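So the chains spell out like this:
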Amino acid sequence: MRAAILREYGEPLAVRDVPAPEPTPDGAVVRVEACGVCRSDWHAWAGHGEWADDRVPRGQILGHEPAGEVVAVGDEVGRFRPGDRVVVPFSLGDGTCPYCRRGAGNVCEDGRALGFEPDAQGAFAERVAVPAADYNLVERPPWLGATAAAALGCRYMTAYHALAERAGVGGGDAVAVHGCGGVGLSAVQVAAALGARVIAVDVDDDALALATDSGADATVNPTDADSRSVPERVRDRTDGGADVSVDALGIAETCRNSVRSLRPRGTHVQVGLTTEAERGEVSLPTDWMTRWEISFIGSRGMPPTSYPDLFALIEATEVDPAALVTDELSLSEVSGRLAAMDEYDARGVEVVTDL
(Lines give C-alpha, C1' and ligand atoms only; values in the text may rest on other atoms or scores of the structure.)
Protein backbone atom coordinates (compact mmCIF):
# COMPACT_ATOMS: atom_id res chain seq x y z
CA MET A 1 0.00 0.00 0.00
CA ARG A 2 1.06 3.63 -0.47
CA ALA A 3 1.91 5.65 2.63
CA ALA A 4 3.49 9.02 3.51
CA ILE A 5 6.43 8.49 5.86
CA LEU A 6 8.35 10.97 8.04
CA ARG A 7 11.88 10.63 6.73
CA GLU A 8 13.61 13.77 8.08
CA TYR A 9 12.18 16.56 10.21
CA GLY A 10 11.12 19.52 8.10
CA GLU A 11 11.72 17.64 4.84
CA PRO A 12 9.16 16.25 2.35
CA LEU A 13 7.46 13.05 3.44
CA ALA A 14 8.48 9.95 1.50
CA VAL A 15 5.49 8.51 -0.37
CA ARG A 16 6.28 4.86 -1.00
CA ASP A 17 4.87 1.35 -0.97
CA VAL A 18 4.92 -0.44 2.38
CA PRO A 19 3.35 -3.72 3.58
CA ALA A 20 -0.33 -3.40 4.43
CA PRO A 21 -1.17 -3.97 8.11
CA GLU A 22 -2.90 -7.08 9.41
CA PRO A 23 -5.41 -6.98 12.29
CA THR A 24 -4.35 -8.06 15.76
CA PRO A 25 -6.77 -10.46 17.51
CA ASP A 26 -8.64 -7.52 19.08
CA GLY A 27 -8.00 -5.09 16.24
CA ALA A 28 -9.26 -4.07 12.82
CA VAL A 29 -7.86 -2.72 9.57
CA VAL A 30 -9.63 0.22 7.93
CA ARG A 31 -9.38 1.25 4.29
CA VAL A 32 -8.79 4.99 4.48
CA GLU A 33 -11.20 7.04 2.36
CA ALA A 34 -10.21 10.43 3.80
CA CYS A 35 -7.76 11.80 6.37
CA GLY A 36 -7.42 15.37 7.59
CA VAL A 37 -4.14 17.31 7.60
CA CYS A 38 -3.77 18.94 11.01
CA ARG A 39 -1.41 21.27 12.83
CA SER A 40 -0.53 18.35 15.08
CA ASP A 41 0.85 16.65 11.95
CA TRP A 42 2.93 19.79 11.44
CA HIS A 43 4.31 19.55 14.98
CA ALA A 44 5.33 15.94 14.26
CA TRP A 45 6.79 16.81 10.85
CA ALA A 46 8.79 19.70 12.36
CA GLY A 47 10.24 17.47 15.09
CA HIS A 48 8.57 19.23 18.01
CA GLY A 49 7.83 17.59 21.33
CA GLU A 50 11.30 16.62 22.48
CA TRP A 51 10.80 18.79 25.59
CA ALA A 52 7.85 16.59 26.59
CA ASP A 53 9.43 13.26 25.59
CA ASP A 54 6.85 13.28 22.81
CA ARG A 55 8.91 13.67 19.64
CA VAL A 56 7.61 11.55 16.76
CA PRO A 57 10.35 9.21 15.50
CA ARG A 58 11.61 9.13 11.93
CA GLY A 59 10.04 6.33 9.95
CA GLN A 60 6.54 7.07 11.26
CA ILE A 61 3.53 7.06 8.95
CA LEU A 62 1.78 10.31 9.87
CA GLY A 63 -1.95 11.10 9.72
CA HIS A 64 -4.42 10.88 12.59
CA GLU A 65 -7.85 12.00 11.32
CA PRO A 66 -9.09 9.05 9.24
CA ALA A 67 -12.48 7.88 8.12
CA GLY A 68 -13.09 4.85 5.99
CA GLU A 69 -14.38 1.30 5.76
CA VAL A 70 -13.45 -1.77 7.79
CA VAL A 71 -11.76 -4.39 5.59
CA ALA A 72 -10.57 -6.93 8.17
CA VAL A 73 -11.09 -7.73 11.87
CA GLY A 74 -9.39 -9.98 14.40
CA ASP A 75 -11.00 -13.05 15.93
CA GLU A 76 -11.81 -11.24 19.19
CA VAL A 77 -13.69 -8.34 17.57
CA GLY A 78 -17.45 -8.55 18.08
CA ARG A 79 -18.93 -5.14 17.23
CA PHE A 80 -17.52 -4.61 13.72
CA ARG A 81 -17.18 -6.51 10.49
CA PRO A 82 -15.84 -5.79 6.99
CA GLY A 83 -17.93 -3.20 5.17
CA ASP A 84 -18.74 -1.09 8.23
CA ARG A 85 -18.28 2.67 7.70
CA VAL A 86 -16.24 4.10 10.56
CA VAL A 87 -14.30 7.03 11.95
CA VAL A 88 -11.13 6.45 13.96
CA PRO A 89 -10.28 8.69 16.94
CA PHE A 90 -6.59 9.50 17.30
CA SER A 91 -6.63 8.90 21.07
CA LEU A 92 -6.62 5.11 21.17
CA GLY A 93 -7.47 3.56 24.54
CA ASP A 94 -6.98 -0.03 25.62
CA GLY A 95 -10.63 -0.16 26.69
CA THR A 96 -9.82 -1.74 30.06
CA CYS A 97 -8.05 0.81 32.27
CA PRO A 98 -9.98 2.81 34.91
CA TYR A 99 -10.00 5.90 32.70
CA CYS A 100 -11.40 4.01 29.70
CA ARG A 101 -14.06 2.40 31.89
CA ARG A 102 -15.08 5.86 33.13
CA GLY A 103 -15.39 7.22 29.59
CA ALA A 104 -12.03 9.02 29.50
CA GLY A 105 -10.16 6.83 27.04
CA ASN A 106 -8.33 9.88 25.66
CA VAL A 107 -6.15 9.78 28.80
CA CYS A 108 -5.85 5.99 28.89
CA GLU A 109 -2.96 4.77 31.06
CA ASP A 110 -1.82 2.48 28.22
CA GLY A 111 -3.17 4.58 25.35
CA ARG A 112 -1.62 5.21 21.97
CA ALA A 113 -1.74 8.23 19.69
CA LEU A 114 -2.57 7.29 16.12
CA GLY A 115 0.08 8.52 13.71
CA PHE A 116 2.51 9.62 16.40
CA GLU A 117 4.23 6.47 17.66
CA PRO A 118 5.66 3.32 16.07
CA ASP A 119 3.00 0.93 17.39
CA ALA A 120 0.22 3.19 16.06
CA GLN A 121 1.19 3.90 12.46
CA GLY A 122 -0.91 6.63 10.92
CA ALA A 123 -3.51 7.12 8.23
CA PHE A 124 -1.67 9.00 5.47
CA ALA A 125 -1.89 5.58 3.89
CA GLU A 126 -4.31 3.36 2.03
CA ARG A 127 -5.00 1.31 5.17
CA VAL A 128 -4.63 1.83 8.90
CA ALA A 129 -4.62 -0.64 11.79
CA VAL A 130 -6.78 0.07 14.86
CA PRO A 131 -6.13 -1.75 18.16
CA ALA A 132 -8.91 -2.60 20.63
CA ALA A 133 -11.38 -2.08 17.80
CA ASP A 134 -14.51 -2.76 19.81
CA TYR A 135 -13.59 0.19 22.06
CA ASN A 136 -11.90 2.57 19.64
CA LEU A 137 -13.78 2.30 16.35
CA VAL A 138 -16.86 4.48 15.92
CA GLU A 139 -19.58 3.65 13.41
CA ARG A 140 -20.45 6.54 11.14
CA PRO A 141 -24.12 7.49 10.86
CA PRO A 142 -25.56 7.20 7.33
CA TRP A 143 -25.64 10.98 6.85
CA LEU A 144 -21.93 11.46 7.58
CA GLY A 145 -19.65 11.06 4.55
CA ALA A 146 -15.97 10.19 4.79
CA THR A 147 -14.68 13.70 4.01
CA ALA A 148 -16.90 15.33 6.63
CA ALA A 149 -15.98 12.58 9.12
CA ALA A 150 -12.29 13.27 8.52
CA ALA A 151 -12.98 16.95 9.21
CA LEU A 152 -14.43 15.83 12.55
CA GLY A 153 -11.13 14.01 13.14
CA CYS A 154 -8.83 15.62 15.66
CA ARG A 155 -9.98 19.20 15.40
CA TYR A 156 -13.75 19.03 15.61
CA MET A 157 -13.96 16.40 18.28
CA THR A 158 -11.18 18.16 20.19
CA ALA A 159 -13.22 21.36 20.10
CA TYR A 160 -16.35 19.54 21.23
CA HIS A 161 -14.59 17.82 24.12
CA ALA A 162 -12.90 21.08 25.16
CA LEU A 163 -16.04 23.19 25.14
CA ALA A 164 -18.90 20.84 25.98
CA GLU A 165 -17.19 18.35 28.26
CA ARG A 166 -14.22 20.14 29.82
CA ALA A 167 -15.50 23.72 30.06
CA GLY A 168 -19.24 23.03 30.17
CA VAL A 169 -20.18 25.78 27.71
CA GLY A 170 -23.92 26.49 27.62
CA GLY A 171 -26.47 28.90 26.23
CA GLY A 172 -25.64 32.56 26.74
CA ASP A 173 -21.98 32.04 27.58
CA ALA A 174 -19.43 34.31 25.96
CA VAL A 175 -16.66 32.27 24.33
CA ALA A 176 -13.46 33.71 22.87
CA VAL A 177 -11.47 31.61 20.39
CA HIS A 178 -7.85 32.63 19.87
CA GLY A 179 -6.56 31.27 16.56
CA CYS A 180 -8.92 30.42 13.70
CA GLY A 181 -7.22 27.51 12.01
CA GLY A 182 -8.96 24.15 11.79
CA VAL A 183 -9.49 23.56 15.50
CA GLY A 184 -10.30 27.21 16.13
CA LEU A 185 -12.97 27.29 13.42
CA SER A 186 -14.32 24.01 14.78
CA ALA A 187 -14.50 25.63 18.22
CA VAL A 188 -16.39 28.58 16.76
CA GLN A 189 -18.96 26.25 15.17
CA VAL A 190 -19.33 24.07 18.25
CA ALA A 191 -19.61 27.00 20.66
CA ALA A 192 -22.27 28.63 18.49
CA ALA A 193 -24.17 25.34 18.30
CA LEU A 194 -24.07 25.13 22.12
CA GLY A 195 -25.76 28.54 22.26
CA ALA A 196 -22.74 30.69 23.09
CA ARG A 197 -21.85 34.16 21.85
CA VAL A 198 -18.53 33.75 20.07
CA ILE A 199 -15.65 36.20 19.58
CA ALA A 200 -13.03 34.98 17.11
CA VAL A 201 -9.44 36.28 17.26
CA ASP A 202 -6.91 35.92 14.44
CA VAL A 203 -4.36 38.01 12.53
CA ASP A 204 -5.76 36.87 9.17
CA ASP A 205 -8.90 38.59 7.83
CA ASP A 206 -9.72 35.61 5.60
CA ALA A 207 -9.64 33.31 8.63
CA LEU A 208 -11.90 35.75 10.48
CA ALA A 209 -14.31 35.76 7.53
CA LEU A 210 -14.47 31.95 7.77
CA ALA A 211 -15.08 32.32 11.51
CA THR A 212 -17.97 34.69 10.85
CA ASP A 213 -19.43 32.22 8.36
CA SER A 214 -19.02 29.52 11.02
CA GLY A 215 -21.04 31.39 13.63
CA ALA A 216 -18.80 34.01 15.26
CA ASP A 217 -20.74 37.03 16.50
CA ALA A 218 -17.70 39.33 16.56
CA THR A 219 -14.07 39.25 15.47
CA VAL A 220 -10.79 40.76 16.64
CA ASN A 221 -7.70 41.21 14.46
CA PRO A 222 -4.70 42.19 16.62
CA THR A 223 -2.97 43.77 13.62
CA ASP A 224 -5.65 46.29 12.68
CA ALA A 225 -5.71 49.98 13.60
CA ASP A 226 -7.23 49.55 17.07
CA SER A 227 -4.43 50.24 19.55
CA ARG A 228 -6.04 48.39 22.45
CA SER A 229 -4.76 44.96 23.49
CA VAL A 230 -6.57 41.79 22.47
CA PRO A 231 -7.87 41.15 26.03
CA GLU A 232 -9.20 44.71 26.25
CA ARG A 233 -11.05 44.31 22.97
CA VAL A 234 -12.48 40.92 23.93
CA ARG A 235 -13.64 42.28 27.29
CA ASP A 236 -15.28 45.20 25.48
CA ARG A 237 -17.19 42.82 23.18
CA THR A 238 -18.28 40.58 26.06
CA ASP A 239 -19.31 43.20 28.63
CA GLY A 240 -16.47 42.44 31.00
CA GLY A 241 -14.76 39.32 29.71
CA ALA A 242 -15.38 35.90 28.25
CA ASP A 243 -16.84 33.10 30.36
CA VAL A 244 -14.67 30.63 28.45
CA SER A 245 -11.61 31.37 26.33
CA VAL A 246 -9.76 28.89 24.14
CA ASP A 247 -6.16 29.02 22.97
CA ALA A 248 -6.44 27.07 19.73
CA LEU A 249 -2.94 27.95 18.50
CA GLY A 250 -0.44 27.27 21.27
CA ILE A 251 1.99 30.16 21.22
CA ALA A 252 2.77 32.19 24.34
CA GLU A 253 0.98 35.30 23.08
CA THR A 254 -2.34 33.58 22.34
CA CYS A 255 -2.22 31.64 25.60
CA ARG A 256 -1.71 34.76 27.71
CA ASN A 257 -4.23 36.77 25.69
CA SER A 258 -6.77 34.03 26.22
CA VAL A 259 -6.27 34.00 29.98
CA ARG A 260 -6.43 37.80 30.22
CA SER A 261 -9.63 37.86 28.13
CA LEU A 262 -11.63 36.18 30.89
CA ARG A 263 -14.09 37.66 33.34
CA PRO A 264 -13.80 36.75 37.06
CA ARG A 265 -14.24 32.99 37.57
CA GLY A 266 -13.79 32.41 33.85
CA THR A 267 -12.23 29.29 32.33
CA HIS A 268 -9.27 29.11 29.96
CA VAL A 269 -9.01 25.95 27.85
CA GLN A 270 -5.61 25.05 26.40
CA VAL A 271 -5.98 23.11 23.16
CA GLY A 272 -3.04 24.27 21.02
CA LEU A 273 0.36 22.67 21.58
CA THR A 274 3.41 24.87 21.94
CA THR A 275 6.20 25.34 19.42
CA GLU A 276 9.99 25.33 19.59
CA ALA A 277 9.83 28.89 20.93
CA GLU A 278 7.92 27.89 24.09
CA ARG A 279 9.10 24.28 24.43
CA GLY A 280 6.05 23.42 26.49
CA GLU A 281 6.32 26.31 28.96
CA VAL A 282 4.35 29.59 29.04
CA SER A 283 4.53 32.15 31.86
CA LEU A 284 1.12 33.23 33.19
CA PRO A 285 -0.25 36.00 35.46
CA THR A 286 -0.83 33.61 38.34
CA ASP A 287 -1.46 36.27 41.01
CA TRP A 288 -4.13 37.85 38.80
CA MET A 289 -5.59 34.41 38.10
CA THR A 290 -5.74 33.68 41.82
CA ARG A 291 -7.34 37.06 42.59
CA TRP A 292 -10.14 36.48 40.07
CA GLU A 293 -10.43 32.69 40.50
CA ILE A 294 -9.52 31.92 36.93
CA SER A 295 -9.53 28.24 35.93
CA PHE A 296 -6.89 26.87 33.54
CA ILE A 297 -7.65 23.46 32.07
CA GLY A 298 -6.08 21.32 29.39
CA SER A 299 -7.99 19.36 26.79
CA ARG A 300 -6.72 16.65 24.47
CA GLY A 301 -8.72 14.90 21.77
CA MET A 302 -11.95 13.20 22.79
CA PRO A 303 -12.76 9.72 24.10
CA PRO A 304 -14.50 7.47 21.56
CA THR A 305 -17.44 7.10 23.95
CA SER A 306 -18.31 10.77 23.37
CA TYR A 307 -18.96 10.42 19.64
CA PRO A 308 -22.71 9.71 20.02
CA ASP A 309 -23.15 13.03 21.82
CA LEU A 310 -21.16 14.86 19.15
CA PHE A 311 -23.16 13.22 16.37
CA ALA A 312 -26.39 14.19 18.15
CA LEU A 313 -25.27 17.84 18.35
CA ILE A 314 -24.39 17.91 14.65
CA GLU A 315 -27.68 16.31 13.64
CA ALA A 316 -29.77 18.57 15.87
CA THR A 317 -28.17 21.88 14.84
CA GLU A 318 -26.82 23.62 11.78
CA VAL A 319 -23.28 22.51 12.54
CA ASP A 320 -21.65 21.43 9.28
CA PRO A 321 -18.11 20.07 9.57
CA ALA A 322 -17.93 19.66 5.79
CA ALA A 323 -18.27 23.44 5.44
CA LEU A 324 -14.85 23.84 7.06
CA VAL A 325 -13.15 21.73 4.36
CA THR A 326 -11.31 24.20 2.15
CA ASP A 327 -9.27 21.79 0.04
CA GLU A 328 -9.09 18.11 -0.89
CA LEU A 329 -5.57 16.80 -1.45
CA SER A 330 -3.64 13.88 -2.83
CA LEU A 331 -1.14 12.03 -0.68
CA SER A 332 1.74 13.60 -2.59
CA GLU A 333 0.49 17.12 -1.71
CA VAL A 334 0.64 16.64 2.06
CA SER A 335 4.29 17.69 2.41
CA GLY A 336 3.63 21.04 0.76
CA ARG A 337 0.68 21.76 3.02
CA LEU A 338 2.70 20.90 6.13
CA ALA A 339 5.45 23.25 5.00
CA ALA A 340 2.85 25.99 4.49
CA MET A 341 1.96 25.76 8.17
CA ASP A 342 5.40 27.18 9.00
CA GLU A 343 3.96 30.53 7.96
CA TYR A 344 0.41 29.74 9.09
CA ASP A 345 -0.54 29.60 5.41
CA ALA A 346 -3.39 27.13 5.80
CA ARG A 347 -7.06 27.98 6.23
CA GLY A 348 -9.93 25.84 7.31
CA VAL A 349 -9.57 22.06 7.16
CA GLU A 350 -7.62 20.31 4.40
CA VAL A 351 -8.40 16.64 3.79
CA VAL A 352 -6.53 13.95 1.86
CA THR A 353 -9.05 12.11 -0.30
CA ASP A 354 -6.75 10.77 -3.06
CA LEU A 355 -4.76 7.98 -1.45
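Below is a short write-up of the structure. Every chain's residues receive numbers from 1 upward, in the order its sequence appears when written. A pLDDT threshold of at least 70 governs which residues receive local features in this predicted model, and a stricter bar of 80 or more applies before side-chain atom pairs are shown or counted, although totals over entire chains, interfaces and linings include all residues. Computation of side-chain values: all heavy atoms of the structure, hydrogens and water removed.

The angle between two axes is taken between their N-to-C directions and runs from 0 to 180 degrees, where each axis is a line fitted to C-alpha atoms and a helix contributes only its stretch in contact. Put simply, DSSP H or I for four residues or longer makes a helix, DSSP E for two residues or longer makes a strand, and each gets a number counted from the N terminus. The N-to-C vectors of helix α4 (residues 146-166) and helix α5 (residues 182-193) enclose an angle of 50°; their axes lie 8 Å apart at closest approach. When the axis of α4 is compared with that of α5, the two are oblique. Seen from above, α4 lies across α5 with right-handed handedness. Only Gly182, Val183, Ser186, Ala187, Gln189, Val190 and Ala191 of α5 make contact with α4, whose side of the interface consists of Arg155, Tyr156, Thr158, Ala159, Tyr160 and Leu163. Residue composition of the contact of α4 with α5, grouped by class: 8 nonpolar, 4 polar and 1 charged. Working definition: roughly parallel below 35 degrees, roughly antiparallel above 145 degrees, roughly perpendicular at 65 to 115 degrees, and oblique for all remaining angles. It is the rotation of the near helix from the far one that decides the hand of a crossing: anticlockwise by less than a right angle makes it left-handed, clockwise makes it right-handed. Should any heavy atoms of two residues lie within 4.5 Å, those residues are counted as being in contact. Note on residue categories: nonpolar means Ala, Val, Leu, Ile, Met, Phe, Trp, Tyr, Cys or Pro, charged means Asp, Glu, Lys or Arg, and polar means any other residue, Gly included.

When strand β13 (residues 242-247) meets strand β14 (residues 262-270), the two strands line up parallel, connected through 5 bridges. For Ser245, the partnering residue across the bridge sits in β14 and is His268. In this view, the connection linking β13 to its parallel neighbour β14 by way of helix α8 (residues 252-260) has right-handed handedness. Any two strands are treated as partners once DSSP identifies two or more bridges connecting them. By the bridge criterion, 4 bridges tie β14 to strand β15 (residues 295-298) in an arrangement that is parallel. Bridging across to β15, His268 finds its partner in Phe296. Orienting the strands away from the viewer, one traces the path from the first strand over the helix to the second; a clockwise path indicates a right-handed crossover.

On the secondary structure map, Cys35 appears in strand β3 (residues 28-37). The buried category is assigned to Cys35, whose relative accessible area is 0%. Sequence separation of Cys35 and Gly68 is 33 residues, and the distance between their C-alpha atoms is 8.8 Å. Beyond its immediate chain neighbours, meaning those up to four positions away, Cys35 contacts Gly63, His64, Glu65, Pro66, Ala123, Phe124, Ala150, Val351 and Val352. Categorising residues by exposure relies on relative accessible area from a 1.4 Å probe, with only protein chains included: less than 20% of the type maximum marks a residue as buried, more than 50% marks it as exposed, and the intermediate range marks it as partly exposed.

Each salt bridge in this description consists of a side-chain nitrogen of Lys or Arg and a carboxyl oxygen of Asp or Glu lying within 4 Å of one another. Summed over all chains, the structure comprises 12 salt bridges. Measuring nitrogen to oxygen at the nearest pair gives 3.3 Å for the salt bridge that ties Arg140 to Glu33. On the criterion of sequence distance, the pair formed by Arg140 in the loop between β9 (138-139) and α4 and Glu33 in strand β3 is long-range, its members being 107 residues apart. Ionic pairing is found between Glu65 and Arg155, a salt bridge with its closest N-O pair at 2.5 Å. One end of the pair, Glu65, is in the loop between α1 (39-46) and β4 (66-73); the other, Arg155, is in helix α4, and 90 residues separate them in sequence. Residue Glu65 is classed as buried on the basis of its relative accessible area, which comes to 0%. Several salt bridges share partner residues, and in doing so they unite Asp224, Asp226, Arg228, Arg233 and Asp236 into one network.

Where burial is concerned, most of α1 is hidden: 6 out of the 8 residues are buried. Within α1, the full set of buried residues consists of Arg39, Asp41, Trp42, His43, Ala44 and Trp45.

Looking now at the packing of α4 against helix α10 (residues 307-316). α10 packs onto α4 with a crossing angle of 90° between their chain directions and a minimal axis gap of 11 Å. By the angle class used here, α4 and α10 are roughly perpendicular. Residues Leu152, Gly153, Tyr156, Met157 and Tyr160 of α4 touch α10, and the partners they reach there are Tyr307, Asp309, Leu310, Phe311, Leu313 and Ile314. Here the residues of the contact of α4 with α10 sort into 9 nonpolar, 1 polar and 1 charged.

Turning our attention to the pairing of strand β10 (residues 174-178). Side-chain direction in a regular strand flips from residue to residue, so the side chains alternate between the two faces of the sheet. Of all 5 residues that make up β10, 5 are buried, and the element is covered over most of its length. Here β10 shows two buried faces, one formed by Ala174, Ala176 and His178 and the other by Val175 and Val177. Considered for its hand, the β-α-β crossover made up of β10, α5 and strand β11 (residues 197-201) is right-handed. Summarising the sheet, β10 and β13 pair through 4 bridges and their orientation is parallel. For Val177, the partnering residue across the bridge sits in β13 and is Val246.

Moving on: the sheet that holds β11. As a general point, the strands of a sheet are linked pairwise by backbone hydrogen bonds and lie either parallel or antiparallel. Strands sit in the order β12-β11-β10-β13-β14-β15 across an open sheet of 6 strands; the sheet is parallel. The sheet is open, and its two edges are formed by β12 (218-220) and β15, each paired on a single side. Averaged over all pairs of adjacent strands, the angle between their axes in this sheet comes to 20°, without regard to strand direction.

Under the pairing criterion, centres of Phe, Tyr and Trp rings, with the six-membered ring standing for Trp, must be within 6.5 Å; the plane angle then separates stacked pairs below 30 degrees from edge-to-face pairs above 60, leaving the rest tilted. Throughout the structure, instances matching the rule amount to 2 aromatic pairs. Summarising the aromatic geometry, the rings of Trp143 and Phe311 are spaced 6.2 Å apart at their centres and angled 85° between planes, so their arrangement reads as edge-to-face. Of this pair, Trp143 sits in the loop between β9 and α4 while Phe311 sits in helix α10, and the two are 168 residues apart along the sequence. When its relative accessible area of 37% is taken as the criterion, Trp143 is described as partly exposed. The class for Phe311 is buried, based on a relative accessible area of 9%. With centroids separated by 5.6 Å and ring planes inclined at 55°, the aromatic side chains of Tyr307 and Phe311 adopt a geometry described as tilted. Remark: Phe311 and Tyr307 occur in helix α10; sequence separation between them is 4 residues, near one turn of the helix. Taken together, Trp143, Tyr307 and Phe311 form an aromatic cluster joined through their ring pairs. Lysine NZ or arginine CZ positioned within 6 Å of the ring centre and within 35 degrees of the ring normal marks a charge as sitting over the ring. Between the NZ or CZ atom of Arg39 and the centre of the ring of Trp42, over which it lies, the distance is 4.1 Å. Here Arg102 stacks its cationic end above the ring of Tyr99, 5.1 Å away from the centre of that ring.

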